[in-house]
Amino acid sequence: MIFTTRNFLIGVAVGAVAVALIKTNAGRKCCAKVVAAGLQLKDEASELFETIKEDAEDVAAEKSAKKVKKA
């Protein structure tokens, strides 16, 4: 990415608009909803990952049990 004065000014403008939106009640409510949705998504992804991890551990344990049983 090339850092130019134009890009810097665009970043400053976007930041100023973001600060202005956050200062309004509607902006705060919107930000709170977005953050809450993000946290909920993170929790759901963590639960899914744990389920997948447990399933993989079960498969590995079953494979080890079958190996021991054959021997």
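Residues numbered from 1 in each chain as written. Predicted model: local features only at pLDDT ≥ 70, side-chain atom pairs only at ≥ 80, totals over all residues. Heavy atoms only, no water.

Colleague: I'd love a proper account of the overall build of the protein, names of residues and values included.
Modeller: Within the protein, the secondary structure is distributed over two helices and zero strands. Computed over its C-alpha atoms, the radius of gyration of the protein comes to 25 Å, more than 25% above the 11 Å expected for a compact globule of 71 residues. Taken over the C-alpha atoms alone, the protein extends approximately 70 × 35 × 5 Å along its principal axes. Across the 71 residues that make up the protein, the buried fraction comes to 1%. Taken together, the 12 basic and 9 acidic charged side chains of the protein have centroids lying 10 Å from each other. (Helix = DSSP H or I, 4+ residues; strand = E, 2+ residues; numbered from the N terminus. Rg over C-alpha atoms; globule rule 2.2 N^0.38 Å. Buried < 20%, exposed > 50% of the residue type's maximum accessible area, 1.4 Å probe, protein only. Lys, Arg positive; Asp, Glu negative; His and termini not counted. Charge placed at Lys NZ, Arg CZ, Asp CG, Glu CD.)

Colleague: Hey, could you go over the state of the cysteines for me, with residue numbers and the actual values?
Modeller: One pass over the structure, following the stated rule, counts zero disulfides. With no disulfide partner, Cys 30 has as its closest neighbouring cysteine sulfur the one in Cys 31, 5.7 Å distant. (Disulfide = S-S within 2.5 Å.)

Colleague: Would you mind going over the pattern of salt bridges in detail, with residue names and values included?
Modeller: Summed over the entire model, instances satisfying the criterion amount to one salt bridge. The partner of Lys 42 in a salt bridge is Asp 43, and the shortest N-O contact between them spans 3.5 Å. Judged by its relative accessible area of 41%, Asp 43 falls in the partly exposed class. (Salt bridge = Lys/Arg side-chain N within 4 Å of Asp/Glu carboxyl O.)

Colleague: Describe a nonpolar patch on the surface, listing the residues and the values that go with them.
Modeller: On the surface, Phe 8, Leu 9 and Val 12 cluster together to form a nonpolar patch covering roughly 320 Å² of accessible area. For Phe 8, the position within the fold is in helix H1 (residues 5-23). (Patch = residues over 30% accessible without salt bridge, like charges linked within 9 Å, V, L, I, M, F, W, Y side chains within 5 Å. Areas by Shrake-Rupley, 256 points an atom, 1.4 Å probe, with all protein chains shown as cover.)

Colleague: Account for the packing of H1 against helix H2 (residues 25-70), with residues named and values stated.
Modeller: Packing of H1 against H2 leaves a shortest axis separation of 4 Å and a crossing angle of 100°. With respect to each other, H1 and H2 are oriented roughly perpendicular. Note on element contacts: H2 touches H1 through Asn 25, Gly 27, Arg 28 and Cys 31, opposite Leu 21, Ile 22 and Lys 23. Across the contact of H1 with H2, the residue classes break down as three nonpolar, two polar and two charged. (Axes fitted to C-alpha atoms, helices over the stretch in contact; angles between N-to-C directions. Parallel < 35°, antiparallel > 145°, perpendicular 65-115°, else oblique. Contact = heavy atoms within 4.5 Å. Nonpolar A, V, L, I, M, F, W, Y, C, P; charged D, E, K, R; others polar.)

Colleague: Explain the environment of Ser 64 residue by residue, including any values.
Modeller: Positionally, Ser 64 belongs in helix H2. In this structure Ser 64 comes out as partly exposed when scored by relative accessible area, which is 43%. Considered as a pair, Ser 64 and Glu 50 are 14 residues apart in the sequence and their alpha carbons are 21 Å apart.

Everything listed is a geometric property; what it means functionally is a separate question.
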